[in-house]
Amino acid sequence: MSKRALKIYLSELRKKELEAQIMELYEKFPVVKTYYDFAFNPKEDKLLQDAKTKITNEYFPVKRNRPKARRSVAQKYIKHFVKLGVDSALVADLMCFNLEIAQTFALERNVPDAFYKSMLNSFSEMTNFISQHGILEEFKGRIVSIYNHTQTGDWLYKEGFSKALDILE
């Protein structure tokens, strides 16, 4: 069904019928429930803190011995925040946090080459996001700190990090 056809269909419904359909969607689909829960009670700070806790647990687990260090966990939260329409500064904060915690992890552990490639992807996505949303001034210090750490540490793909940083200029 196209958007146009949907608009026509919805305009023909009575208010009670429309309310009934929305309630049915709310009850049947968790995504719709999540959207409305966020739309009417946007506890962005709590969502951000929960996401940071889960990401930290990936690298520095509390309940298990071995860290999983999966980039996908942070990516899942970032995509979820973007879908919900969370403020771009909070999304960028989460992106920076993910890289900062990963850098702390890399200082303490011997990580595989794939880890560095994954963090390069995260860094590139972060710089693109910050550039697109025009919030560089707010995050410039953190970006420079993350970048400097990749250049002074034993990080692979240093030139890739440099290229990713070029988008901000």
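These figures come from a predicted structure and were not determined experimentally.

**A short note on the overall build of the protein**
Item 1. The helix and strand tally for the protein stands at nine helices and zero strands.
Item 2. Reading the secondary structure of the protein in the N-to-C direction produces α-α-α-α-α-α-α-α-α.
Item 3. In summary, the protein has a C-alpha radius of gyration of 20 Å against a globular reference of 15 Å for 169 residues, an excess of more than 25%.
Item 4. The C-alpha extent of the protein, read off along each of the three principal axes, is 65 × 40 × 25 Å.
Item 5. Counting every position in the protein, which comprises 169 residues, the buried fraction comes to 37%.
Item 6. Here the contacts in the protein between residues at least 6 apart in sequence split such that 65% fall between residues at least 24 apart.
Item 7. Carbon and sulfur atoms make up 54% of the accessible area of the protein, which totals about 11,100 Å².
Item 8. In the protein, 27 positive and 22 negative side-chain charges are present, and the distance between their average locations comes to 6 Å.

**Considering the domain arrangement of the protein**
Item 1. Under the domain assignment, the protein is made up of domain 1 (1–41) and domain 2 (43–166).
Item 2. Taking the mean C-alpha position of each, domain 1 and domain 2 sit 35 Å from one another.
Item 3. Every contact between the two is made by four residues of domain 1 and, on the other side, seven residues of domain 2.
Item 4. Summed over both sides, the interface of domain 1 with domain 2 buries roughly 460 Å², with 72% coming from carbon and sulfur.
Item 5. Here domain 1 and domain 2 share zero salt bridges between them.
Item 6. In this structure, the connection of domain 1 to domain 2 is made through one residue pair in polar contact (both at pLDDT 80 or more).
Item 7. A per-class count over the side of domain 1 that touches domain 2 returns two nonpolar, two polar and no charged.

**What about the packing of helix α5 (residues 71–84) against helix α7 (residues 113–133)?**
Two numbers describe a pair of packed helices, the interaxial angle and the distance between the axes.
Item 1. Across the interface, α5 lies against α7 with an axial gap of 11 Å and an inter-helix angle of 20 degrees. Classed by the angle they form, the pair α5 and α7 counts as roughly parallel. Along this stretch, α5 crosses α7, giving a crossing that reads as left-handed. Only Ser118, Met119, Asn121, Ser122, Glu125 and Phe129 of α7 make contact with α5, whose side of the interface consists of Arg71, Gln75 and Val82.
Item 2. A per-class count over the contact of α5 with α7 returns three nonpolar, four polar and two charged.

**What to know about the side chain of Asn98**
Item 1. Mapped onto the fold, Asn98 is located in helix α6 (residues 88–108).
Item 2. Sequence-distant contacts of Asn98, defined by excluding residues within four places in its chain, comprise Ile55, Tyr59, Ala74 and Ser122.

**Digging into the pattern of salt bridges**
Item 1. What the rule picks out here adds up to nine salt bridges.
Item 2. The salt bridge involving Lys28 is made with Glu24; its shortest N-O contact spans 3.2 Å. Of this pair, Lys28 and Glu24 both sit in helix α2 (residues 15–28), separated by four residues, roughly a single helical turn.
Item 3. Judged by relative accessible area, which is 56%, Lys28 ranks as exposed.
Item 4. Residue Arg70 is joined to Glu58 by a salt bridge in which the shortest nitrogen-to-oxygen separation is 2.7 Å.

**Digging into the packing of aromatic side chains**
What characterises a pair of aromatic rings is the spacing of the ring centres plus the angle enclosed by the ring planes.
Item 1. Applying the stated criterion to the full structure yields 11 aromatic pairs.
Item 2. The interplanar angle of 75 degrees and the centroid separation of 6.0 Å between the aromatic rings of Phe60 and Phe105 together place this pair among those described as edge-to-face. Here the residue Phe60 occupies a position in the loop between α4 (44–59) and α5, and Phe105 occupies one in helix α6, the gap between them amounting to 45 residues.
Item 3. On the basis of an interplanar angle of 50 degrees and a centroid distance of 6.1 Å, the ring pair of Phe105 and Phe115 is categorised as tilted. Taken together, the positions of Phe105 in helix α6 and Phe115 in helix α7 put the pair 10 residues apart, joining distant regions of the chain. Take Phe105 and Phe115: they sit in the same class, and that class is buried.
Item 4. An aromatic cluster of three or more residues is present, and its members are Tyr59, Phe60, Phe105, Phe115, Tyr116, Phe123, Trp155 and Phe161.
Item 5. Its guanidinium or amino end placed over the ring of Tyr157, Lys117 lies 5.4 Å from that ring's centre, counting from NZ or CZ.

What counts, and at which threshold
- Residues numbered from 1 in each chain as written.
- Predicted model: local features only at pLDDT ≥ 70, side-chain atom pairs only at ≥ 80, totals over all residues.
- Heavy atoms only, no water.
- Helix = DSSP H or I, 4+ residues; strand = E, 2+ residues; numbered from the N terminus.
- Rg over C-alpha atoms; globule rule 2.2 N^0.38 Å.
- Buried < 20%, exposed > 50% of the residue type's maximum accessible area, 1.4 Å probe, protein only.
- Contact = heavy atoms within 4.5 Å.
- Areas by Shrake-Rupley, 256 points an atom, 1.4 Å probe, with all protein chains shown as cover.
- Lys, Arg positive; Asp, Glu negative; His and termini not counted.
- Charge placed at Lys NZ, Arg CZ, Asp CG, Glu CD.
- Domains from an automatic or database assignment.
- Buried area = accessible area lost by both parts, 1.4 Å probe.
- Salt bridge = Lys/Arg side-chain N within 4 Å of Asp/Glu carboxyl O.
- Polar contact = N/O pair within 3.5 Å; in protein donor to acceptor, adjacent residues only side chain to side chain.
- Nonpolar A, V, L, I, M, F, W, Y, C, P; charged D, E, K, R; others polar.
- Axes fitted to C-alpha atoms, helices over the stretch in contact; angles between N-to-C directions.
- Parallel < 35°, antiparallel > 145°, perpendicular 65-115°, else oblique.
- Left-handed = near helix turned anticlockwise from the far one by under 90°.
- Phe/Tyr/Trp six-rings, centres within 6.5 Å; stacked < 30°, edge-to-face > 60°.
- Lys NZ or Arg CZ within 6 Å of the ring centre and 35° of its normal.

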